[in-house]
Amino acid sequence: MQQSMMIACEECGLVVDIPNLDEGDKATCPRCGHILTKAVSLPFQRPVAYGIACLLMLALSLSFPFLSFTVNGMGHQITLLNAAETLQHFENSVLAILLMITVIVFPAVYIILVLYLYYHAHKVKNIGHVVHARGWLKLLCRTIFTIQPWLMVDVFLIGVLVSLVKISALAHIGLGNSFWAFCLYSVLVVKCVSLVDRTWLWDQFFAMKPIDGVRAGDTHVDHNHVGCHACNQINPLPTSHKTRCLRCDSQLHIFNANHSLQYSWAYLLASIVFYIPANLYPMMYTVSLGKTEGSTILGGVVLLWKMGSWPIALVIFIASIFIPMAKMFTLAWLYFCAGKRADDSSHVAIKRLKLYRLTEFIGRWSMVDIFVVAILVALVQLQNVMAISPGPAALCFATVVIFTMLSAMSFDPRIFWTPKSKTCKQDSELDATESNSEVPSVHK
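Now for a look at the structure at hand. (Residues numbered from 1 in each chain as written. Predicted model: local features only at pLDDT ≥ 70, side-chain atom pairs only at ≥ 80, totals over all residues. Heavy atoms only, no water.)

### Concerning the pattern of salt bridges
A complete count under the given rule lists seven salt bridges for this structure. Close ionic contact of aspartate 249 with lysine 138 constitutes a salt bridge, the shortest N to O distance being 3.3 Å. With a gap of 111 residues between them, aspartate 249 in the loop between strand S9 (234-235) and helix H8 (257-280) and lysine 138 in helix H4 (residues 134-147) connect regions that are remote in the sequence. Looking at aspartate 249, the relative accessible area reads 33%, which means it is partly exposed. Aspartate 412 serves as the salt-bridge partner of arginine 414, at 2.7 Å between the closest nitrogen and oxygen. (Salt bridge = Lys/Arg side-chain N within 4 Å of Asp/Glu carboxyl O. Helix = DSSP H or I, 4+ residues; strand = E, 2+ residues; numbered from the N terminus. Buried < 20%, exposed > 50% of the residue type's maximum accessible area, 1.4 Å probe, protein only.)

### Description of the packing of H8 against helix H10 (residues 310-340)
Two numbers describe a pair of packed helices, the interaxial angle and the distance between the axes. As a packed pair, H8 and H10 sit with axes 11 Å apart at the nearest point and diverge in direction by 150°. Comparing the axis directions of H8 and H10 gives the class roughly antiparallel. Between H8 and H10 the crossing geometry is left-handed. Residues Leu261, Ser264, Trp265, Leu268, Ser271, Ile272 and Tyr275 of H8 touch H10, and the partners they reach there are Ser320, Ile321, Pro324, Met325, Met328, Leu331, Ala332, Tyr335, Phe336, Ala338 and Gly339. In terms of residue class, the contact of H8 with H10 is built from 14 nonpolar, four polar and no charged. (Axes fitted to C-alpha atoms, helices over the stretch in contact; angles between N-to-C directions. Parallel < 35°, antiparallel > 145°, perpendicular 65-115°, else oblique. Left-handed = near helix turned anticlockwise from the far one by under 90°. Contact = heavy atoms within 4.5 Å. Nonpolar A, V, L, I, M, F, W, Y, C, P; charged D, E, K, R; others polar.)

### A short note on the packing of aromatic side chains
Where two aromatic rings form a pair, the distance of their centres and the angle of their planes describe that pair. Enumeration over the complete set of coordinates arrives at 16 aromatic pairs. Seen from their ring centres, phenylalanine 66 and phenylalanine 182 are 5.9 Å apart, and the 90° between their planes marks the pair as edge-to-face. Remark: phenylalanine 182 occurs in helix H6 (residues 177-195) and phenylalanine 66 occurs in the loop between helix H1 (45-63) and strand S5 (67-71); sequence separation between them is 116 residues. For the pair shown, phenylalanine 66 and phenylalanine 182 are each scored as buried. On the numbers, 5.8 Å between centres and 55° between planes, the contact of phenylalanine 182 with tyrosine 185 is tilted. Placement of the pair is phenylalanine 182 and tyrosine 185 together in helix H6, with a separation of three residues, close to one helical turn. Relative accessible area serves as the criterion here: at 0%, phenylalanine 182 is assigned to the buried category. The rings of Phe66, Phe156, Phe179, Trp180, Phe182, Tyr185 and Phe371 are connected pair by pair, giving a single aromatic cluster. (Phe/Tyr/Trp six-rings, centres within 6.5 Å; stacked < 30°, edge-to-face > 60°.)

In short, the description is geometric, and any link to function would need to be established separately.
In structure tokens:
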């Protein structure tokens, strides 16, 4: 059972009074449908079990051969770490670091911190253990939810599968024990992440503090509170830029539509700039019998299509060409609509919010092509007989994906629910100083 509390929806700004939730229930915002909090069944046992299984599969994924490549009697075998090491050899340190962080380091850190926090939460709940180092616990809780969007184990797995199909017609591919362990590891990580709820976890250590003057049904345009994006605590309106959350000590950010749009547009324009060389320059170079040939993203799609591998060509086209372009156009359109801030109906706001959610979700999957290059570069290294090296477009394309993700993260979707008249007045007040009860839907 959870205690009753109030949460300000981070996507539409509505303050909602959350009722007691039984295990397995989840509460959604009555205005926009965003999941506010959930009570996982067996809240301590399941995340810990999946977390331990994740670490076991990760250890196995790093301990044995991952893939092998054989052609004309010559072969090459790699481990999971070889992909990053090979990129480093070709002086692509940034890509090597990106691969290590998103596929190995961040997921491992996330799982270890989840196990540590749930262990302490169990002691607090069932043993009455006194929580020491409260500042460290707050830091660790903030850390896991900061790195969570950058866990790309599942995206890397898809990249591996695409790589195997691309070169299966050219050589014999062997799947090592670590490959199967990594498949299980990817599934377990996705499941473990789905079991961790931000509001529930914070509530195990630090209960929400009641705030006077704020009631269910208020919104961000009432300008009487600010919701913490780290722990969902509702705070009094900050008096300075250095004001911190009462519950988690995170720095509070007052709603400011203009600042949000400026950051979002800046990241989006940067991604557009890098998208041009990402498509003009080769993504990778292929050496075959001493002859070197560059391959752009579109050129690779056309080649796969001509070879008859149209399903893989379609996957690469969607992930590397269609999704980035569609995301950039969609975000630009959403930012343009948000900048106008007309007094649209709730129906229009919900449609734009759903489009924003979809765009934010699919953005990370464009990293598939980067991971394909990493696997092929590590695996196909047979001197002048056959070898693959990364091209300059790889780093540009990775930058495009990162900037589009940052652009979406910087955008505050509450702008869709802010009438222009109130927003302009609110923004001017913030610049000068620096700024009916709703019942949530409960589902099983």
